[in-house]
Structures are given as C-alpha cells and as structure tokens.
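# Tertiary structure, described
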Amino acid sequence: MTPAPSTPLAKALTRRIAEGGPITVRAFMDACLTDPEHGYYRTRPAIGGAADFITAPEISQTFGELLGLWSAVAWQAMGAPSPFQLVELGPGRGTMMADALRALGRVAGFAAAVRIVLVEPSPVLREMQRTALGRTGLDVQWVDDIGDLVPAPSILLANELFDVLPITQVVRTADGWRERTVVLDAEDRLSFSVAREPWLSPLPAVAAHAPVGALVELRDLSPIAGALARIGAREPVAALFIDYGHEATGLGDTLQAVRRHAAEPVFEAPGKADLTAHVDFEAAARAFTDAGFQVERLSTQGEFLGALGIAERASRLMSANPARAGEIEMAVARLMAPEGMGSRFKVLGVRSPGLPPLPGFHTA
Ligand code: SAH
C-alpha cells in the first residue's frame, strides 16, 4: 500500500507532479520555503533555541552590536548622509537589528538620519520583528522584496539569507548534463530524477572535467545585485552578506533539510523543515561585480568579528554582568570557533565603487 504524503505540502506537490509532470529542484525548494499556504518561512517561527535552528544573532548580542557599529563606521565613510536607509534582508526574529540599534544609540546624528527598512516576506516573522524593535522608538518600515526598496544612500545587512534562496541542481549523466528534478516513484513518493532534455545554459569551469554523477549547484543572485545597483545608481551603497558556504565554486550536493537542530532527509517533511544549500561565495562575488560593485576580499566570520573587536566587546559585557560572564564567553567562543562557525561562515562585503574600502576586511 502506498504511504500517505507526510505533510500538507507533500500532498500538494504530489498532486502537482501527478498532474503536471516533474518539477525542478529549484521549484521544489521554492515551494518548501515560500509557498503562501504551506511554506516553511510563511508559517513557522523557525529560528531560536526552542525552534529548528539557531543563528549568530540568537547566540550572542555582540554579533548585532558589532554589525551596528560597523554600520556607523560605513555611514561615516559615506560622509554621514542624512537621511539614509539601514536595511536588513531576512531579519528573522529581529534580534540582530535590535542589538545593532542599541549599540548605535550613542553615535552622534545617527538616530536622526536613519530610516530602518526590513525586507521580510513572512507575516509570522514580521510580527516578531515588530515586537523586537518596538522598544527602540524608531520608525520601521517593511517591504516584501528587495526590489521594493527605493533609491537612497543605503547600508544593507543580511545574515543567513542567501542560503535559503532556491538553487538549481544540474547533474552529469552518461548522456551529458541534465537539470535535477523531483518526480513520483513507483509508490507515488517524492524522489529525485533528472530532466529528459539536456542542460544548455553555461556551467562553471569546475564542470568541464567532472565525472558522471557529479552535481553542480547554481543560485541566481542577480536579482539581488540588480536591485542594489538600482538603489545605488546615484547614491552610495554598502552591504554585508554573512552566510555559510565555500570560498570557491565546487561540485557536490549541499541541499539539506533541518528540523529541531538536526539534519533530516529532504523529502521527510516538506514545508515543516528548513531547507538550505551552501553559498558559493565565488559566484556570489561575481554577481555583485557584474552589477558594477566593488567586492572586498572574503573574510571568515572569525576574522571579521575579531577585526571589529569582539574580544573587547565581550570583556566589557562580562565585567558589566559578572553573573553571566561564563555564558557570554561561551556564546562568543561559539561564534568564533575555528573549526565551527568562525570559519564555516564567511562575510562578503560589497560597496559602491566610489567608497573607500569597508571596515573589518583585509585590504592586502
Ligand atoms: N537573519 C536572521 C534570519 C535568518 S533565516 C537570523 O540570522 O537569525 C532567513 C530569513 O530570510 C527569514 O527571515 C526569512 O523569512 C527570510 N527570507 C526568506 N526568503 C526571503 C526572500 N526571498 N527575501 C527576503 N527575505 C527572505
């Protein structure tokens, strides 16, 4: 007997494939994350100790505070334009922006100049962000999509956004490169396959000598780079994108479902698990240089937070809260761990060509 689909989204996708044929991995990922009715980010709080996964701003307040101070330095390097917009893409629970704004409270002129804009498609998370930022007393504006931002001097921050943007997977078969798809197996369960037609678009150089079975992942960041170029056509723009992934384009399947802090098979619970894939920072950097931006040399999270003074910030916090000193120290150690988040996460800095190099990056 055929087992029933595991979730309402699995059921909807099973029907969609039965009626319309195979869908691409990209369409599958997109549905799992942003389907208006059943998508993971539309329906679930997702992030935090008690939810499915935990992110840097939820681990330590120093993360958001340092990014806030970084924003102040970047704003000053632009000539302290007033007004300007401080934008966060995919703010989750709003913790990072709340921590950033607290640290920025003492920067002269900042509060009067700043307009806060959050790019967040999820109504559930918008509500949490409203609560987190309510105490700041500053006006906050929400938009659904980065394409909705208006031209202005801008500083953009994004932590763990790229990894949830859908990817395309292309597989080398005995008959050449084919896009990976999702089909129904003999028992009507969701499973992977490949398209019948050959893949005709360009592939990265690593694909040239890849063996049969090799897999390439592509993620189109040109809509984000293009949106930044539009808001920055006449105004200065500086942006930080922090995420986990690899420095150079490689081969291999990194698509992963995560629920309650553990990885699980991708088809186990569509719409109820987070679905992510590593960021290819070589491709990401190219998307921004192609759109006319300067890109800083890639830093690891550990190098970047170290350069911004996380050790000093943590010791000041510890002296102010001696009862919590051990907890603060452990949280910061987790963000900086050389074998963990400190090196797995990378920081991509992007700026308008007219601006000086961004703070916190190696200039050599
Ligand atoms: N930055 C937060 C949350 C990371 S989770 C943190 O570090 O804790 C990913 C976030 O991106 C969520 O807020 C999710 O709703 C949002 N998101 C997903 N797709 C998006 C898109 N296309 N544009 C903007 N935000 C998106």
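The sections below set out a description of the structure shown in this document. (Residues numbered from 1 in each chain as written. Predicted model: local features only at pLDDT ≥ 70, side-chain atom pairs only at ≥ 80, totals over all residues. Heavy atoms only, no water.)

The subject of this paragraph is the packing of aromatic side chains. Taken as a whole, this structure holds 12 aromatic pairs when the rule is applied. A centroid spacing of 5.2 Å and a plane angle of 70° characterise the contact between phenylalanine 28 and phenylalanine 267, whose relative ring orientation is edge-to-face. Highlighted residues: phenylalanine 28 in helix α2 (residues 25–34) and phenylalanine 267 in the loop between β12 (262–264) and β13 (274–276), separated in sequence by 239 residues. Residue class for phenylalanine 28 comes out buried when judged on its relative accessible area of 0%. Judged by centre distance (5.0 Å) and plane angle (85°), the ring pair of tyrosine 40 and tyrosine 41 falls under edge-to-face. (Phe/Tyr/Trp six-rings, centres within 6.5 Å; stacked < 30°, edge-to-face > 60°. Helix = DSSP H or I, 4+ residues; strand = E, 2+ residues; numbered from the N terminus. Buried < 20%, exposed > 50% of the residue type's maximum accessible area, 1.4 Å probe, protein only.)

Take the environment of threonine 363 next. Structurally, threonine 363 can be placed in the segment after β17 (345–351). The exposed category is assigned to threonine 363, whose relative accessible area is 65%.

A word on the nonpolar core. Counting residues in hydrophobic clusters, the biggest one holds 44 residues, and the most contacted among them are Trp70, Leu86 and Phe110. When residues in this core are grouped by element, the largest group, seven residues, is from helix α5 (residues 61–77). Every residue in contact with leucine 86, bar those within four places of it in the chain, is listed here: Ser71, Met97, Leu101, Leu104, Phe110, Val114, Arg115, Ile116, Val117, Ile155 and Leu157. Val119, Ala285, Ala287 and Phe293 belong to the second largest nonpolar core, which has 30 residues in total. (Core = buried A, V, L, I, M, F, W, Y, C linked by side-chain atoms within 4.5 Å. Contact = heavy atoms within 4.5 Å.)

The angle between the axes and the distance between the axes are what describe a pair of packed helices. Where helix α12 (residues 310–320) contacts helix α13 (residues 325–336), the axes come no closer than 9 Å and their chain directions differ by 165°. Taken as axis vectors, α12 and α13 run roughly antiparallel relative to one another. α13 is crossed by α12, and the crossing has right-handed handedness. In contact with Ile310, Ala314, Leu317 and Met318 of α12, α13 contributes Ala325, Ile328, Glu329, Val332, Leu335 and Met336. Broken down by class, the residue content of the contact of α12 with α13 amounts to nine nonpolar, no polar and one charged. (Axes fitted to C-alpha atoms, helices over the stretch in contact; angles between N-to-C directions. Parallel < 35°, antiparallel > 145°, perpendicular 65-115°, else oblique. Left-handed = near helix turned anticlockwise from the far one by under 90°. Nonpolar A, V, L, I, M, F, W, Y, C, P; charged D, E, K, R; others polar.)

On to the packing of α5 against helix α6 (residues 95–104), then. Running from N to C, α5 and α6 point in directions that differ by 55°, and their axes come no closer than 7 Å. Comparing the axis directions of α5 and α6 gives the class oblique. Note on packing geometry: the crossing formed by α5 with α6 is right-handed. Listed contacts from α6 to Gln61, Phe63, Gly64, Glu65, Leu67, Gly68, Leu69 and Ala72 of α5 are Met96, Asp99, Ala100, Arg102, Ala103 and Leu104.

Here the focus is the pattern of salt bridges. Applying the stated criterion across every chain yields a total of 12 salt bridges. One salt bridge connects aspartate 99 with arginine 102, and the closest N-O pair in it is separated by 3.0 Å. Taken together, the positions of aspartate 99 and arginine 102, both in helix α6 and three residues apart, correspond to about one turn of that helix. On the basis of relative accessible area, aspartate 99 is assigned to the buried category, the value being 7%. Connected via shared salt-bridge partners are Glu65, Asp99, Arg102 and Arg313. (Salt bridge = Lys/Arg side-chain N within 4 Å of Asp/Glu carboxyl O.)

Omega for the bond connecting serine 82 with proline 83 falls within 30 degrees of zero, at 0°, which places this linkage in the cis form. Note that proline 83 resides in the loop between α5 and β2 (84–89). Of note, the phi angle at aspartate 188 is positive, near 65°, even though the residue is not glycine. One can find aspartate 188 in the loop between β7 (176–184) and β8 (190–194). One non-glycine residue, histidine 261, adopts positive backbone phi at about 65°.

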